[in-house]
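Chain by chain, the residues:
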Amino acid sequence: MSTAPLMIEQEKIVVLDLGSAHNQLITRTIRELGVYSELHPHTVTAAEVKNMQAVGIILSGGSKDAEFNIDPEVFNLGIPVLEIGSKGETIASANEEKHAYGEQSHPEVGQPADVKEMLRHFAFEICKAKDSWTMKSFIDVEVEKIRSQVGDRKVLCALSGGVDSSVVAALIHRAIGDQLTCIFVDHGLLRKGEVESVVDTFSNQFHMNFIKVDARKRFLDKLKGVTDPEQKRKIIGSEFIYVFDEESAKLEGIDFLAQGTIYADIIESGTATNEVIKSHHNVGGLPEDMDFELIEPLKALFKDEVRAVGAELGLPSDIVHRQPFPGPGLGVRVLGEITEEKLDIVREADWILREEIAKAGLDREIWQYFAILPDIRSVGVRNEKRSYDYAVGLRAVHSVDGMTADWARIPWDILEKISTRITAEVDHVNRVVYDITAKPPGTIEWE
Ligand code: XMP
């Protein structure tokens, strides 16, 4: 990737990516200290760094090959430079004459408190940075930016009910009110309660121009008889685009399309030392030939910052803290052919799982937890009678970014309660199994 675009025009500490696995963590930690920070490829020029209003520069990674490519003028800008070695174990000034930071103790990145302390010292004592990065200040600045960009024109937003698109909608609505229209496609593959929560929040509470498209039958018809996972994903993705296209064509005078791109999407799409690590087809992905200008007001934010902005804007906690949910929704959690009956079963089982996890206070601790309906039936016994019914799978994983994951050690008594409730309360289920596979070799979703 060439130079990452300038994200936010304000004083910042620039982290240059020299291949460390920790550079996102470093950038986030600096922001937690209240100082805005951006991660950029090591190939940026000194002039670009200067333009970014950098008050400090961090070289993160220290791989020699990459280091040779740094513009030597970066060290002559009069901006303090901190180097963090490839294992995070050494720090030293790379700019000893002009802004000596000097040798320091050798904290490991594995010890977050030390790293935070080191970064605090660098930011405030060496760079004299101000702690002015708050979500409230972000909202104030972005609202003004959106207003001046949009003027009296109109913006369209595809709401999925996920955190990112919800926060984008709330932020743009704060800026331009009725000039924003949101389209929410109910494809029938959402979890129990989700449609109601989205409608209630955006239509009833925020009073947005809000269009709900009931496309449940249309999606089910298209998916009839389809069992191949990739084909299912493709159908759901392209059908979403058709529906959105049709609905937006009914609206007049729209100039902008709002998207919930966040910083991780930009970083993950690759910096010079960072390969593309995510290529999921997202149902929110819209056709390239749409004639709109893009607005992406969250593109500088990490996920936890997006949540904080959502809370600050008054979004309810169930939306702000929603767990990651795949674009194709329950379509990849009902294995084999998707039918209404199977969707109902997985929805009810998933609801019970979510309720019990929340009751146990584990809902913020576990990255993702959900029910799956594999395409199998097994023999059971109920009321002294033989049954031949579905088995439900439960999956709960800890993860940082979804790229790797470990299965969550949910206490047995909670699992027992969930299993007992599902077999008692969900028709046609006589067995519950718990997935104890890490990623790799498994994936988080089953399809
Ligand atoms: P896997 O199953 O690949 O999932 O281990 C990793 C993370 O990505 C989510 N996921 C998706 N997200 N569109 C999305 O927006 C998709 O098609 C998709 N497939 C999987 C999954 O829920 C997990 O968080």
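None of these values were measured; they are calculated from a predicted model.

### A short note on empty space enclosed by the protein
Following the criterion strictly, the structure yields 1 cavity of 30 Å³ or more and no others. By volume, the largest cavity amounts to about 40 Å³. Here the lining of the largest cavity is built from residues that sort into 4 nonpolar, 2 polar and no charged.

### Considerations on the side chain of Glu445
With respect to the helices, strands and loops of the structure, Glu445 is situated in the segment after strand 15 (429–434). The exposure class of Glu445 is buried, given its relative accessible area of 10%. At a separation of 2.9 Å, a polar atom in the side chain of Glu445 contacts the side chain of Arg333. Leave out the neighbours within four places in its chain, and Glu445 touches Pro326, Val332, Arg333, Gln368 and Phe370.

### Brief notes about the packing of aromatic side chains
Tallying each qualifying case throughout the model produces 7 aromatic pairs. Between the aromatic rings of Phe184 and Phe210, the centroid separation amounts to 6.2 Å while the plane-to-plane angle is 25 degrees, which identifies the pairing as stacked. Of this pair, Phe184 sits in strand 7 (residues 180–186) while Phe210 sits in strand 8 (residues 209–214), and the two are 26 residues apart along the sequence. Chaining the aromatic ring pairs together yields one cluster made of Tyr36, Trp133 and Phe138. For the cation-ring pair, Arg28 lies above Phe302, with the distance from its terminal atom to the ring centre recorded as 5.8 Å. Here the guanidinium or amino end of Arg377 rests over the ring plane of Tyr390, the centre of that ring lying 4.4 Å away.

### Topic: the side chain of Ser197
Note that Ser197 resides in helix 8 (residues 194–205). Note on Ser197: relative accessible area 12%, which makes it buried. Excluding its chain neighbours within four sequence positions, the residues that come into contact with Ser197 are Asp318, Ile319 and Arg322.

### Some points on the nonpolar core
Residues Ile58, Leu119, Phe138, Val155, Ile172, Phe202 and Leu298 are the most contacted members of the largest nonpolar core, which totals 67 residues. With 9 residues, the single largest contributor to this core is helix 7 (residues 163–176). Of the residues that make up this core, three or more belong to each of domain 1 (12–126) and domain 2 (135–320). Setting aside residues no more than four positions away along its own chain, Leu298 makes contact with Phe138, Asp164, Val167, Val168, Leu171, Thr261, Ile262, Tyr263 and Val306. Counting 45 residues, the second-largest nonpolar core is a separate cluster that includes Ala215, Ile235, Ile410 and Leu415.

### Some points on the UniProt feature "binding site: ATP" (unreviewed entry) in the protein
Mapped onto this numbering, the UniProt entry gives "binding site: ATP" (unreviewed entry) at Ser160, Gly161, Gly162, Val163, Asp164, Ser165 and Ser166. Relative to the elements of secondary structure, Ser160 occurs in the loop between strand 6 (154–159) and helix 7. For Ser160, a relative accessible area of 45% puts it in the partly exposed group. A polar contact of 3.0 Å, which involves the side chain of Ser160, links it to the backbone nitrogen of Gly162. Considering the arrangement of structural elements, one finds Val163 in helix 7. What Val163 contacts, discounting residues up to four positions off in sequence, is Lys303, Val306, Arg307, Ile319, Val320 and Arg322.

### Comments concerning the packing of helix 6 (residues 135–150) against helix 12 (residues 303–312)
Between two packed helices, both the angle of their axes relative to each other and the distance between the axes serve to describe the pair. At their nearest, the axes of helix 6 and helix 12 sit 9 Å apart, and the two run at 75 degrees to each other. Taken together, the axes of helix 6 and helix 12 lie roughly perpendicular to each other. In this structure, helix 6 uses Met135, Lys136, Phe138 and Ile139 to contact helix 12, whose residues at the interface are Glu305, Ala308, Val309 and Glu312. Its residues assigned to classes, the contact of helix 6 with helix 12 shows 5 nonpolar, no polar and 3 charged.

### Overview of the packing of helix 7 against helix 12
Contact geometry for helix 7 and helix 12: axes closest at 9 Å, N-to-C directions at 45 degrees. Here helix 7 lies oblique to helix 12, going by the angle between them. Judged by the twist between their axes, the crossing of helix 7 over helix 12 is left-handed. Along its contact with helix 7, which presents Val163, Asp164, Val167 and Arg174, the element helix 12 presents Lys303, Val306, Arg307, Val309, Gly310 and Glu312. A class-by-class count of the residues in the contact of helix 7 with helix 12 yields 4 nonpolar, 1 polar and 5 charged.

### Focus on helix 15 (residues 412–425)
Spanning 14 residues, helix 15 covers 20 Å between terminal C-alpha atoms, matching the ideal 20 Å at 1.5 Å per step. Within helix 15, the full set of buried residues consists of Ile414, Leu415, Ile418, Arg421 and Ile422. One face of helix 15 carries all of its buried residues, which in axial projection span an arc of 135 degrees. Opposite the buried face of helix 15, by more than 90 degrees, sit the exposed residues Trp412, Asp413, Glu416 and Ala424. Those residues of helix 15 hidden inside the fold are in contact with helix 14 (340–359), strand 13 (385–398) and strand 15.

### Re the pattern of salt bridges
This structure, assessed with the given rule, holds 32 salt bridges. The shortest N-O distance in the salt bridge between Arg191 and Glu194 comes to 2.4 Å. Note on accessibility: Arg191 and Glu194 belong to one class, buried. The salt bridge involving Arg409 is made with Asp406; its shortest N-O contact spans 3.2 Å.

### Some points on the sheet that holds strand 8
Spatially, the 5 strands line up as an open sheet ordered 8-7-6-9-10, and their pairing is parallel. The open sheet has two edge strands with one neighbour each: strand 8 and strand 10 (293–295). Each strand of the sheet is rotated relative to its neighbour by a mean of 30 degrees, with strand direction disregarded. As paired elements, strand 9 (residues 254–258) and strand 10 share 3 bridges and run parallel to each other. Note that in strand 10 the partner of Leu257 across the bridge is Leu294.

Parameters and conventions
- Residues numbered from 1 in each chain as written.
- Predicted model: local features only at pLDDT ≥ 70, side-chain atom pairs only at ≥ 80, totals over all residues.
- Heavy atoms only, no water.
- 1 Å grid on protein atoms, 1.4 Å probe; cavity = no way out; pocket = protein on both sides within 12 Å on 5 of 7 lines; lining within 4 Å.
- Points joined across faces, edges and corners; volume = space filled by probe spheres on them.
- Nonpolar A, V, L, I, M, F, W, Y, C, P; charged D, E, K, R; others polar.
- Helix = DSSP H or I, 4+ residues; strand = E, 2+ residues; numbered from the N terminus.
- Buried < 20%, exposed > 50% of the residue type's maximum accessible area, 1.4 Å probe, protein only.
- Polar contact = N/O pair within 3.5 Å; in protein donor to acceptor, adjacent residues only side chain to side chain.
- Contact = heavy atoms within 4.5 Å.
- Phe/Tyr/Trp six-rings, centres within 6.5 Å; stacked < 30°, edge-to-face > 60°.
- Lys NZ or Arg CZ within 6 Å of the ring centre and 35° of its normal.
- Core = buried A, V, L, I, M, F, W, Y, C linked by side-chain atoms within 4.5 Å.
- Domains from an automatic or database assignment.
- UniProt positions renumbered as here; feature names shortened; annotations may be inferred.
- Axes fitted to C-alpha atoms, helices over the stretch in contact; angles between N-to-C directions.
- Parallel < 35°, antiparallel > 145°, perpendicular 65-115°, else oblique.
- Left-handed = near helix turned anticlockwise from the far one by under 90°.
- Expected span 1.5 Å × (residues − 1).
- Arc of directions from axis to C-beta.
- Salt bridge = Lys/Arg side-chain N within 4 Å of Asp/Glu carboxyl O.
- Pairing = 2+ DSSP bridges.

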